[in-house]
Amino acid sequence: HYQFIIQVNLLNLLSRIDLDELMKKDEPPFTFPKTLEEFEYAFNEYGQLRHIKTGEPFVFNAREDLHRWNQKRYEALGEIITQYVYELLEKKCNMTKAILPVDASEDEPTTFIYLSPDALSNPSKLLVLIQGSGVVRAGQWARRLIINQDLDSGTQIPFITRAMEEGYGVLVLNPNENYLEVEKPAKSSPLPSPPEPSDEPAEKRERKDDKEGKKKREFYEKYRNPQKETETERIPIRENGSSEEHVLYVWDHFVSKAAAKNVFIVAHSYGGLSFVELMNQREMQVKNRVCAVALTDSAHNIWLQETSKGTQDWMQQHCCNWVSSPEPLDTPLDPMLPDCPRVSAGTERHELTSWLSFNSIFRFFSEVLEQRLRLTGAVHNALWCTSNCPDISLN
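Below is a summary of the structure that appears in this document. As the structure is a computational prediction, the values presented were derived from the model and not from experiment.

### Here we look at the overall build of the protein
Within the protein, the secondary structure is distributed over 14 helices and 13 strands. Residue burial in the protein is summarised as follows: out of 395 residues, 41% are buried. Of all intrachain contacts in the protein linking residues separated by at least 6 positions in sequence, the fraction that spans at least 24 positions is 72%. Summed over all atoms, the accessible surface of the protein reaches about 23300 Å², with 52% contributed by carbon and sulfur.

Written out as structure tokens, the structure is:
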């Protein structure tokens, strides 16, 4: 009987212990290096992130049993990677930033996109890159791949350089930078209540207070307070508060005004959903300007997004979705919905679908453009014949 009571009491005690909070008490401070060099990592000649001293890949579990601290360290490295990729876009790819909204005031939050020098002036071809959701920013497909594999697989830089070599202007979207995060002002602590009157002598009360104070100090020396994360609030960026809004805004203010007769789009994961939403909002404009769309493991759904029959038919003719699959690259797969052809990306890893489809995507674009040019040439010749050869009819 007594054993049972002890077990019940023990279970009650354990149920009141927050193990997560207990683990946080021994965490090192959330202060991390601000540069790759301070992290003691660098990208080698193959674009792989390696430790400067050991040559080893990045290790997530730098400290055992401190998952939250390891995660914060990983996120800090990720922020450095984001800035590193921006530098590559600017220095290696010669791209420039355009601030959004285009009419932003000095005191409102902004975001930006990247443009090649001829993005708006190239009369022939424009490539638009739309990433998926999450922590990735302009120029990235997957942060995990950049850190654990290499720059080629995780960034959009191979797409940008290949496109420039083939005569495209390039526009890199930034659909996940939707808000400015600011620290909330600290809440003022309420004034302490006056102590209750006591019949104890003052000297005895002071000795008691000193004893309790010493106990508290010893407790906090042994188990310091768990680190509280800074409380923040998000201020949305005007007309760019979501991926869908951002894609629509960039279309209206940049793509629709570009000189290129032939627009091509690569959209990964949630970027595919944002593209379909763009079609819902600007159907005729997209049909008139866009030649082909390469989707990679797209998250769109024509039923949930309530696309029109005209959009579905257009997607059948102008889109291709490279999806995660164990089948060899470019193997045709059964369509899940009546929207566009699906082929294998040659991998079951979602984040790798863009990189492993790289050559297939550019081949797809070239074939579509050649077909378009042949059709344009045939129409031009037919019109020339009818105007110069009265006896020849189009029928």
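### A closer look at the nonpolar core
With 52 residues, the main nonpolar core has Leu127, Leu129, Val266 and Phe365 as its most contacted residues. The element best represented in this core is helix H4 (residues 67–91), accounting for ten residues. With residues near it in sequence (within four places) discarded, Val266 still touches Leu127, Val128, Leu129, Ile130, Trp141, Phe159, Ala294, Ile361 and Phe365. Residues Leu173, Tyr249, Val293 and Met315 belong to the second largest nonpolar core, which totals 35 residues.

### A look at the side chain of Ser298
Inspection of the secondary structure puts Ser298 in the loop between strand E10 (290–296) and helix H12 (309–318). In this structure the side chain of Ser298 is engaged in a polar contact, spanning 2.5 Å, whose partner is the side chain of His300. Ser298 has contacts with Ser269, Gly272, Leu273 and Asn321, leaving out every residue within four places of it along the chain.

### Re the side chain of Ser325
Within the fold, Ser325 resides in the loop between strand E11 (319–323) and strand E12 (332–333). The class of Ser325 is buried, set by a relative accessible area of 5%. Those residues in contact with Ser325 that lie beyond four places of it in its chain are Leu333, Ser344, Gly346, Thr347 and Glu348.

### Structural notes on the environment of Gly154
By the element assignment, Gly154 lies in helix H6 (residues 151–154). Judged by its relative accessible area of 0%, Gly154 falls in the buried class. A sequence separation of 15 residues divides Gly154 from Gly139, and the C-alpha atoms of the two residues are 9.0 Å apart. Excluding its chain neighbours within four sequence positions, the residues that come into contact with Gly154 are Gln140, Trp141, Ala142, Leu145 and Ile146.

### Brief notes about unusual backbone geometry
Each neighbour pair has its own omega, and for Leu100 with Pro101 the value is -10°, a cis peptide bond. With respect to the element layout, Pro101 can be found in the loop between strand E3 (96–100) and strand E4 (111–115). One non-glycine residue, Ser269, lies in the positive phi region at around 55°. By the element assignment, Ser269 lies in the loop between strand E9 (262–268) and helix H10 (270–281). The buried category is assigned to Ser269, whose relative accessible area is 12%.

### Quick notes on H12
Within H12, the full set of buried residues consists of Thr311, Gln312, Trp314 and Met315. Along the axis of H12, the buried positions cluster into a sector of 165°, meaning they face one direction only. Opposite the buried face of H12, by more than 90 degrees, sit the exposed residues Lys309 and Gln317. In this structure, the buried side of H12 is in contact with H10, helix H11 (283–289), E10 and E11.

### Concerning the pairing of strand E5 (residues 125–130)
Counting buried positions along E5 yields six of six residues, so the element is predominantly enclosed. Burial along E5 is two-sided: the face carrying Lys125, Leu127 and Leu129 and the face carrying Leu126, Val128 and Ile130 are both buried.

### Brief notes about the packing of H10 against H12
The description of two packed helices rests on the angle between their axes and on the distance between the axes. Interaxial distance between H10 and H12 falls to 10 Å at its minimum, and their mutual angle equals 130°. Judged by the angle between their axes, H10 and H12 are oblique. The interaxial crossing formed by H10 with H12 has right-handed handedness. In this structure, H10 contributes Phe275, Val276 and Met279 to the contact, and H12 contributes Thr311, Trp314 and Met315.

### Observations regarding the packing of aromatic side chains
A complete count under the given rule lists 20 aromatic pairs for this structure. Arranged with centres 5.3 Å apart and planes meeting at 50°, the rings of Phe32 and Trp69 form a pair that is tilted. On the criterion of sequence distance, the pair formed by Phe32 in the loop between helix H2 (19–24) and helix H3 (36–39) and Trp69 in helix H4 is long-range, its members being 37 residues apart. On the basis of relative accessible area, Phe32 is assigned to the buried category, the value being 14%. With 5.4 Å between their ring centres and 65° between their planes, Phe358 and Phe362 make a pair best called edge-to-face. Of the two residues, Phe358 and Phe362 are both situated in helix H14 (residues 358–388); the distance of four residues between them amounts to about one turn of the helix. According to the relative accessible area criterion, Phe362 is buried, its value standing at 1%. Positioned above the aromatic ring of Phe112 is the side chain of Lys97, whose terminal nitrogen or guanidinium carbon lies 4.2 Å from the ring centre.

### Examining the sheet that holds E4
As summarised here, the arrangement of the nine strands in space is E3-E4-E6-E5-E9-E10-E11-E13-E12, forming an open sheet in which the pairing is mixed. Where the open sheet ends on each side, the last strands, each with one partner, are E3 and E12. Bridge analysis of E5 against strand E6 (residues 168–172) gives five bridges, and the strand direction is parallel. Paired with Leu126 across the bridge in E6 is Gly169. In the packing of helix H7 (residues 157–165) onto the sheet, contacts are made with E5, E6 and E9, and the angle to E6 comes to roughly 155°. The strands touched by H10 are E5, E9, E10 and E11; relative to E9, the strand with the most contacts, the crossing angle is about 135°.

So, how was this worked out
- Residues numbered from 1 in each chain as written.
- Predicted model: local features only at pLDDT ≥ 70, side-chain atom pairs only at ≥ 80, totals over all residues.
- Heavy atoms only, no water.
- Helix = DSSP H or I, 4+ residues; strand = E, 2+ residues; numbered from the N terminus.
- Buried < 20%, exposed > 50% of the residue type's maximum accessible area, 1.4 Å probe, protein only.
- Contact = heavy atoms within 4.5 Å.
- Areas by Shrake-Rupley, 256 points an atom, 1.4 Å probe, with all protein chains shown as cover.
- Core = buried A, V, L, I, M, F, W, Y, C linked by side-chain atoms within 4.5 Å.
- Polar contact = N/O pair within 3.5 Å; in protein donor to acceptor, adjacent residues only side chain to side chain.
- Arc of directions from axis to C-beta.
- Axes fitted to C-alpha atoms, helices over the stretch in contact; angles between N-to-C directions.
- Parallel < 35°, antiparallel > 145°, perpendicular 65-115°, else oblique.
- Left-handed = near helix turned anticlockwise from the far one by under 90°.
- Phe/Tyr/Trp six-rings, centres within 6.5 Å; stacked < 30°, edge-to-face > 60°.
- Lys NZ or Arg CZ within 6 Å of the ring centre and 35° of its normal.
- Pairing = 2+ DSSP bridges.

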